[in-house]
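Commentary on secondary and tertiary structure
Next come the chains, spelled out residue by residue.
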Amino acid sequence: MKINSINTVSQKNNNQRKNKAVVTAASIAGSALGVAGTVAGLYAIAKKGNPATSLLNLKYAEKDVLLIGAGSIVGGLAGGLIADHNKENINPKLREASQQFVGNTLFPIVTSAFANKALDKSGFKLPQINSTSKIAKIANVALAAAPKVVVTLASLIGGMQVGNKLMNTVNNKIFKEDVKHSIAPEDMLVHSDDICLTANMLLKDTKVISSITSKALPLTMIIPGAKAGMQQKEC
C-alpha cells in the first residue's frame, strides 16, 4: 500500500512538472507570436509612410509600446489558458494579465509621456558651464539630459506604483481575494523588459542607443505576456 501511495504521488508530481513545462512553452510562444504580429503591423504602417523604413531601424513611440505590450499579454495569456488544463489557474492568469498591462505598461508609459510633454512645454533646463574644455562639454551633456532622466525615471516608477495599487484594489473586488501585487523601485533593476522600456523612453532621441533599444524592446516585451500565461494558483 505504501509503495502504491508513493508511486501515485510521484506520478502526480511528474504530471504537474510536465504540465508546467507545457504551459511555460505555450505562454512564451503565444507572447512571441503576439509581439511579432504587432511589430509586423507597425512595420507595415511605417513602410507605407516611408518606403525606406526597414524592420531593423523601426522606431517605437509610446503608443507603439502599448500596442506591443497588449499583443504580448493577449498572446501569452491565450497560450497559457489553452495549455493549462487546471481551471483553478484561470483567475490567477487573468489577474496577472491585467496587472502586467495596466500596472506595469499602461500607467508608467502614459505617465511618462505626459510628464515629458509637461517638461518640454516648461522649457526648463539646467544652466550650462561656460567653458570649452572636454570636462565641461561632458558635464554640459549630462546637465542637458538630467531633467529628462529624472522626469522619465520618476514617472515610470510612479506610474507603476499607482497602476499596481489601483489594479490591486480592482482585482481584489473582481476576484474576491486579498492579494497584493506590488512593484518596488528596485524591481525595475531585475526586469529586463522594464530596463529596456526605460532606456527606450529615455534615450529614444540618441541615435546609437535608440537603435539598440528599438531592436531589443520587442524581445523584452515577450516577458509580461509570458508571465501572464504562466501564472498559477499559489498552493
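Residues numbered from 1 in each chain as written. Predicted model: local features only at pLDDT ≥ 70, side-chain atom pairs only at ≥ 80, totals over all residues. Heavy atoms only, no water.

The next thing to look at is the overall build of the chain. A count of helices and strands for the chain gives seven helices and zero strands. Overall, the chain shows an N-to-C arrangement of helices and strands of α-α-α-α-α-α-α. Scored against the burial criterion, the 235 residues of the chain give a buried share of 37%. A separation of at least 24 residues holds for 75% of the contacts in the chain among residues at least 6 apart in sequence. (Helix = DSSP H or I, 4+ residues; strand = E, 2+ residues; numbered from the N terminus. Buried < 20%, exposed > 50% of the residue type's maximum accessible area, 1.4 Å probe, protein only. Contact = heavy atoms within 4.5 Å.)

Core analysis: the largest hydrophobic core is formed by twelve residues, namely V35, V39, L42, L58, Y60, V65, L66, I68, I109, L217, M221 and I222. When residues of this core are traced back to their parent elements, those giving at least two are helix 1 (2-49) and helix 2 (62-83). (Core = buried A, V, L, I, M, F, W, Y, C linked by side-chain atoms within 4.5 Å.)

Before going further, it helps to examine the pattern of salt bridges. If you walk through the whole model with that rule in mind, you get three salt bridges. Measuring nitrogen to oxygen at the nearest pair gives 3.3 Å for the salt bridge that ties K63 to D64. In this structure K63 comes out as exposed when scored by relative accessible area, which is 57%. In this structure, the salt-bridge partner of K93 is D84, at a minimum N-O distance of 3.2 Å. The pair K93 / D84 is uniform in exposure class, with both members buried. (Salt bridge = Lys/Arg side-chain N within 4 Å of Asp/Glu carboxyl O.)

Tracing the backbone through its elements, the reader meets D64 in helix 2. A polar contact is formed between the side chain of D64 and the backbone nitrogen of A61, at a distance of 2.9 Å. Among the polar contacts listed, one links the side chain of D64 to the side chain of K63, at a separation of 3.3 Å. With sequence-adjacent residues up to four places away left out, D64 is seen in contact with L42 and K59. (Polar contact = N/O pair within 3.5 Å; in protein donor to acceptor, adjacent residues only side chain to side chain.)

Time to look at the environment of K125. Structurally, the position occupied by K125 is in the loop between helix 3 (90-122) and helix 4 (134-174). The exposure class assigned to K125 is exposed, which follows from its relative accessible area of 70%.

For the rest of this paragraph, the subject is helix 3. Given a rise of 1.5 Å per residue, 33 residues ought to cover 48 Å, and the 46 Å separating the end C-alpha atoms of helix 3 matches this to within 8%. If you look at helix 3, its biggest bend is around 30°, right at L106, and the proline P108 turns up within four residues after that. One or two positions beyond helix 3, positive phi appears at G123, with a value near 70°. (Expected span 1.5 Å × (residues − 1). Bend = angle between axes of the 7 residues up to and from the residue.)

This part covers the environment of D178. On the secondary structure map, D178 appears in the loop between helix 4 and helix 5 (192-203). Taking relative accessible area as the criterion, D178 reaches 75% and is therefore assigned exposed. Remark: the alpha-carbon pair of D178 and N168, spanning ten residues in sequence, is separated by 8.4 Å.

Bringing the packing of helix 2 against helix 3 into the picture now. Helix 3 packs onto helix 2 with a crossing angle of 175° between their chain directions and a minimal axis gap of 10 Å. The pairing of helix 2 with helix 3 is recorded here as roughly antiparallel in orientation. Here E62, V65, L66, G69, A70, I73, L77, G80 and L81 of helix 2 lie close against helix 3, whose contacting residues are I90, K93, L94, A97, Q100, F101, T105, L106, I109 and A113. (Axes fitted to C-alpha atoms, helices over the stretch in contact; angles between N-to-C directions. Parallel < 35°, antiparallel > 145°, perpendicular 65-115°, else oblique.)

On the surface, L81, I90 and L94 cluster together to form a nonpolar patch covering roughly 210 Å² of accessible area. Along the chain, I90 turns up in helix 3. (Patch = residues over 30% accessible without salt bridge, like charges linked within 9 Å, V, L, I, M, F, W, Y side chains within 5 Å. Areas by Shrake-Rupley, 256 points an atom, 1.4 Å probe, with all protein chains shown as cover.)

Another point: unusual backbone geometry. For K176, which is not a glycine, the phi torsion comes out positive at approximately 55°. Tracing the sequence through the fold places K176 in the loop between helix 4 and helix 5. According to the relative accessible area criterion, K176 is exposed, its value standing at 71%.

Further remarks concern the confidence of the model for the chain. Of the residues in the chain, 80% reach a pLDDT of 70 or more, and the chain-wide mean stands at 84. The secondary-structure element of the chain with the lowest mean pLDDT is helix 5, recorded at 60, while helix 2 shows the highest, at 94. (pLDDT = per-residue confidence, 0-100.)

Below, the discussion takes up the environment of V65. For V65, the location among the structural elements is in helix 2. C-alpha separation for the pair V65 and M221, spaced 156 residues apart in sequence, amounts to 8.5 Å.

Looking now at the packing of helix 2 against helix 7 (residues 222-230). The contact between helix 2 and helix 7 brings their axes to 7 Å, and the two run at 30°. With respect to helix 7, the element helix 2 is oriented roughly parallel. Helix 2 and helix 7 meet at a crossing whose hand is right-handed. When helix 2 is examined against helix 7, the residues S72, I73, G76, L77 and G80 are found in contact with a partner set consisting of I222, P224, G225, A228 and G229. (Left-handed = near helix turned anticlockwise from the far one by under 90°.)

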